[in-house]
Amino acid sequence: MPEFDQLEAFLRKDPSNTVLATDLIGRLLAAGRVDQALKVLDGLAPGVRADHGLRFLEARAHLQAGDAAAAASILRSLLADGAEAATIHHDLAYAEFALGHIELADQALQPALRQLPPLPEVQRLHARLLHWQGRLDEALAAIDEILTGQPGDVEAGGVRALLLLDLGRFDEARQAALAVLSRDPAQLEASITTGTLALWSQRVDEAVATFGRVVGRHPHAGRALAGLGQACMLGANIPEACRLLEQAVVRMPGHIGTWHALAWCQLLLGNLAGAQASYEQAFALDRSFGETHGGFAVLHALRGNAAEAEAAIARARRLDPNGRSAVYAQALLLLANGRDDEAATLVAPILAQTPPASQGTDPLAFLRRLRARMVEA
């Protein structure tokens, strides 16, 4: 664009002009031209690049590029050098949040929250952090406070829709999400809400399309990656589901359900070592989660370790009497003992409730395929 070319030409003539460099890089980032902004930054003299404002913009450029670790490093160094602004604390908190470091993000945001009145973006991030900490009612109250003062805040409206979804208020969540999307069809949380509702209603094509659009716009959004992975899993595209879920756990290392979904994809691909590692990650998050013990039971059964499988099944059922993985493990043990009909009868109800990929699937054939993939990757 001519304005950028002109500003770059001026900067080449006056390379020590931090005001000009800040203006150019700020405009480039606002236009989404992150690579060009980083290139301009790389071309600055070290003394110019050390300017606090330019370092802040460099951190923002890395955030937009999806490199939260680089952004966090720059922002920490700014604070260590005495720079002090609510926006610095906000961006550091956002970077830690993107890295899955929820507690560190919360700590980083506190100074910005103490500056009254807090910036709207600080309030929104605070609500997001409360959400990820499982403090859903507090998060909803925080978002409602924002919307009371700024009813047209579409980002806050999207966060509210997702909170309502996680609170189990599905009709309200759908209505809130659609209201936001009518004003901003690309809003992240509202799109995740509608995609999740489609996934849970087993409208696989709609879920894939919705999450696919979200991932296209936000390739580092862990919840969207997980949703698309699960939708691909339901659609029987297991390799693609595994690829997406591997990305999702990087973005959401503390989300146990995503580790479980990844483990099952790895099992279905015959990657027992990968599934073992995923279940161990889940176990590290919560040692009392029944489905994790059920997953270990499946692995023991597939490896022919009947005694260990039975012990894991017992633990899984004690912790979660309705867990599915323990049922699969028990069926695999029955299959190993030649009790094929009993094994098929045991898993048939579960397969019948997992459409559309498993609709019409012969239970015995499914178990045999799973057992046949007992090759360590």
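As shown above, the structure is provided for reference.
Here we summarise the structure given alongside this text. (Residues numbered from 1 in each chain as written. Predicted model: local features only at pLDDT ≥ 70, side-chain atom pairs only at ≥ 80, totals over all residues. Heavy atoms only, no water.)

For helix α23 (residues 363-372), the set of buried residues is Pro363, Leu364, Phe366, Leu367 and Leu370. On an axial view of α23, the arc spanned by its buried residues comes to 160°, and they lie on one face. Tucked inside the fold, the buried residues of α23 contact α17 (256-268), α19 (290-302), α21 (324-336) and α22 (340-352). (Buried < 20%, exposed > 50% of the residue type's maximum accessible area, 1.4 Å probe, protein only. Helix = DSSP H or I, 4+ residues; strand = E, 2+ residues; numbered from the N terminus. Arc of directions from axis to C-beta. Contact = heavy atoms within 4.5 Å.)

Most peptide bonds adopt trans geometry, and most residues besides glycine take a negative phi value. Following Leu116, the chain continues to Pro117 via a peptide bond in cis, the omega torsion being -10°. Structurally, Pro117 is set in the loop between α8 (102-113) and α9 (120-132). For Gln202, which is not glycine, the phi torsion reads 65° and is therefore positive.

On to the layout of surface pockets. Taken as a whole, the second largest pocket spans an internal volume of roughly 170 Å³. Residue assignment for the lining of the second largest pocket shows that the elements contributing at least two residues are α1 (2-13) and α3 (34-42). It is α1 that provides the largest number of residues to the lining of the second largest pocket, a total of three residues. When the residues that make up the lining of the second largest pocket are grouped by side-chain class, the tally is five nonpolar, one polar and three charged. (1 Å grid on protein atoms, 1.4 Å probe; cavity = no way out; pocket = protein on both sides within 12 Å on 5 of 7 lines; lining within 4 Å. Points joined across faces, edges and corners; volume = space filled by probe spheres on them. Nonpolar A, V, L, I, M, F, W, Y, C, P; charged D, E, K, R; others polar.)

What follows is about the nonpolar core. With 88 residues, the main nonpolar core has Ile143, Trp264, Leu267, Val298, Tyr328 and Leu367 as its most contacted residues. Among residues more than four places away in sequence, those in contact with Tyr328 are Trp264, Val298, Val347, Ile350, Leu351, Phe366 and Leu367. Ile74, Leu78, Phe97 and Ala112 belong to the second-largest nonpolar core, a separate cluster that totals 25 residues. (Core = buried A, V, L, I, M, F, W, Y, C linked by side-chain atoms within 4.5 Å.)

Right, let's talk about the packing of aromatic side chains for a bit. Evaluated as defined, the whole model comprises seven aromatic pairs. Here the aromatic rings of Phe283 and Phe296 are separated by 5.9 Å at their centres, their planes lie at 70°, and the arrangement is edge-to-face. A residue pair is termed long-range when its members are at least 10 positions apart, and Phe283 in helix α18 (residues 272-285) and Phe296 in helix α19 qualify at 13 residues. Among the residues examined, Phe283 registers a relative accessible area of 22% and is labelled partly exposed. Between Tyr328 and Phe366 the ring centres are 5.8 Å apart and the planes differ by 50°, which places this aromatic pair in the tilted class. Here Tyr328 is found in helix α21, whereas its partner Phe366 is found in helix α23, with 38 residues between them in sequence. (Phe/Tyr/Trp six-rings, centres within 6.5 Å; stacked < 30°, edge-to-face > 60°.)

Right, let's talk about the pattern of salt bridges for a bit. By the definition in use, this model includes 18 salt bridges. The salt bridge partner of Arg27 is Asp23, with a shortest N-O separation of 2.9 Å. In this pair, Arg27 and Asp23 are both assigned in helix α2 (residues 18-30), four residues apart and thus about one turn of the helix distant. The exposure class assigned to Arg27 is partly exposed, which follows from its relative accessible area of 36%. Measuring nitrogen to oxygen at the nearest pair gives 2.7 Å for the salt bridge that ties Glu58 to Arg49. We classify Arg49 as partly exposed; its relative accessible area is 22%. The network of salt bridges with common partners includes Arg124, Arg128, Asp153, Glu155 and Glu189. (Salt bridge = Lys/Arg side-chain N within 4 Å of Asp/Glu carboxyl O.)

A few words now on the packing of α3 against helix α5 (residues 52-65). Axis separation between α3 and α5 bottoms out at 10 Å; the angle between their running directions is 145°. Considering how the two elements wind past one another, α3 and α5 form a crossing that is left-handed. Contact residues: Val34, Leu38 and Leu41 in α3; Leu54, Glu58, Ala61, His62, Gln64 and Ala65 in α5. Split into classes, the residues belonging to the contact of α3 with α5 amount to six nonpolar, two polar and one charged. (Axes fitted to C-alpha atoms, helices over the stretch in contact; angles between N-to-C directions. Left-handed = near helix turned anticlockwise from the far one by under 90°.)

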